Amino acid sequence: MNDDIRSRISMEGVDPLRLLGRNDGVLREIEKLLPVRITMRDGELRLRGADEDVTRAHALLEKLIERVKRGQAIEGDQVAELLGRPDGDRAGPAAPGEESAEITFAFDKRVINVKSGGQSRYIEAIRRNEIVFSIGPAGTGKTYLAVAMAVQALKDRSVERVFLVRPAVEAGENLGFLPGDLQEKVDPYLRPLYDALRDMISYEKLQRFVQLGVIEIAPLAYMRGRTLSRAFVILDEAQNTTVKQMKMFLTRLGPESRAVITGDITQIDLADPEASGLVRIQEILSGIRGIEFVYFDERDVVRHRLVREIVRAFDEHGRANGAPGAPKESAR
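Residues numbered from 1 in each chain as written. Predicted model: local features only at pLDDT ≥ 70, side-chain atom pairs only at ≥ 80, totals over all residues. Heavy atoms only, no water.

Chemist: Please set out the sheet that holds strand β1 (residues 6-10) residue by residue, giving values where relevant.
Modeler: If you trace the three strands from one edge of the open sheet to the other, you get β1-β3-β2, paired in antiparallel fashion. In the strand order of this sheet, the two ends are held by β1 and β2 (36-41), each with one partner. Mean inter-strand twist for the sheet, computed between neighbouring axes without regard to direction, equals 20°. Two elements, β1 and strand β3 (residues 44-49), share five bridges in a ladder whose sense is antiparallel. Its bridge partner being in β3, Ile9 is matched across the sheet by Leu45. Each of β1, β2 and β3 touches helix α3 (residues 51-69); the most contacted strand, β3, lies at about 155° to it. (Pairing = 2+ DSSP bridges. Helix = DSSP H or I, 4+ residues; strand = E, 2+ residues; numbered from the N terminus. Axes fitted to C-alpha atoms, helices over the stretch in contact; angles between N-to-C directions. Contact = heavy atoms within 4.5 Å.)

Chemist: Tell me what's going on with the pairing of strand β7 (residues 161-166), and back it up with residues and numbers.
Modeler: In terms of burial, β7 is largely enclosed, as five of its six residues are buried. For β7 and strand β9 (residues 231-235), the ladder comprises five bridges, and the chain directions are parallel. The partner of Phe163 across the bridge, within β9, is Val233. Two strands pair when backbone bridges link them, and β7 and strand β8 (residues 215-219) are joined in this way by five bridges, in the parallel orientation. In the strand pairing of β8, Val162 is matched with Ile215. (Buried < 20%, exposed > 50% of the residue type's maximum accessible area, 1.4 Å probe, protein only.)

Chemist: Please give an account of the packing of helix α2 (residues 25-33) against α3 that cites residues and values.
Modeler: Packed helices, taken two at a time, are described by the angle between their axes plus the distance between the axes. The geometry of α2 relative to α3 is characterised by a closest axis approach of 11 Å and an angle of 150° between their N-to-C directions. Taken together, α2 and α3 sit at an angle that is classed as roughly antiparallel. Crossing of α2 over α3 shows right-handed handedness. Here α2 contributes Val26, Leu27 and Ile30 to the contact with α3, which in turn contributes Ala57, Leu60, Leu61 and Leu64. Tallied by class, the residues present in the contact of α2 with α3 amount to seven nonpolar, no polar and no charged. (Parallel < 35°, antiparallel > 145°, perpendicular 65-115°, else oblique. Left-handed = near helix turned anticlockwise from the far one by under 90°. Nonpolar A, V, L, I, M, F, W, Y, C, P; charged D, E, K, R; others polar.)

Chemist: Can you break down α2 residue by residue, with the values?
Modeler: Where α2 is concerned, the buried positions are Val26, Leu27, Ile30 and Leu33. All buried residues of α2 lie within an arc of 125° about the axis, which places them on one face of the element. (Arc of directions from axis to C-beta.)

Here it is as structure tokens:
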């Protein structure tokens, strides 16, 4: 490493902890991705290394500083995304359109930042289409961002109601064998949707919205026979619907409504995975104007770094063994 090449960045007006993370974790992440040495002294960051590497690290740190100044949180995975190497393997700058757009949601309880190029494309797809299918592994933000868009639409008064729906089929369990009354049986399946809402809406307001029917969280079966007008409707865990159930859900949409359908076709809990409505619908509805399919893969995982590696390992194992629902190489 050439220590003669140096660059300096002022930290004036920037909280070092918010930028650098605990134990300077953000700096260490940059040093993992680029052969540079970064130190902080006298209120500035000092970069050492080869000219090209220092230039890239300097530009990256300036982007991170701008985010901090706007009140956005910095997480380790964002470093690789902004550098254009979301999977840690891709060399060189980000391809056109790959870097995440600056999309932020400001709610009662927190500010939510879009963390990847895939997430940015997802948000834009929801904005320009009435129906969006989001297919990909766990940890990519499919459901969470759909809920954020629904709450934002409610906040902007572009819709009057929000419906969050899940099929009550998970991990091979049957509701009839669970203890308690119907509500107690259903609640565990809907809990992730409540958790997402509680990140965005105060407890008191959420309770009021649920009581007034402004927000409804229900099993898919509850949608039968209804017409959902001026509403934002989310069908989560859609890989566990049949084709018949998928058709029933999609035909509930009324005027001025939009729907987001999310799921992971590698985690189908139906007795016959080939019967999944989310698998079959990709052929049935392809090419219809106003409907868009958005695909995520392990590069879009925004949870812990190891989650990305776990997803990749399962995908490779599934492809090698011909597992039903294994993602195709061309899916993206």
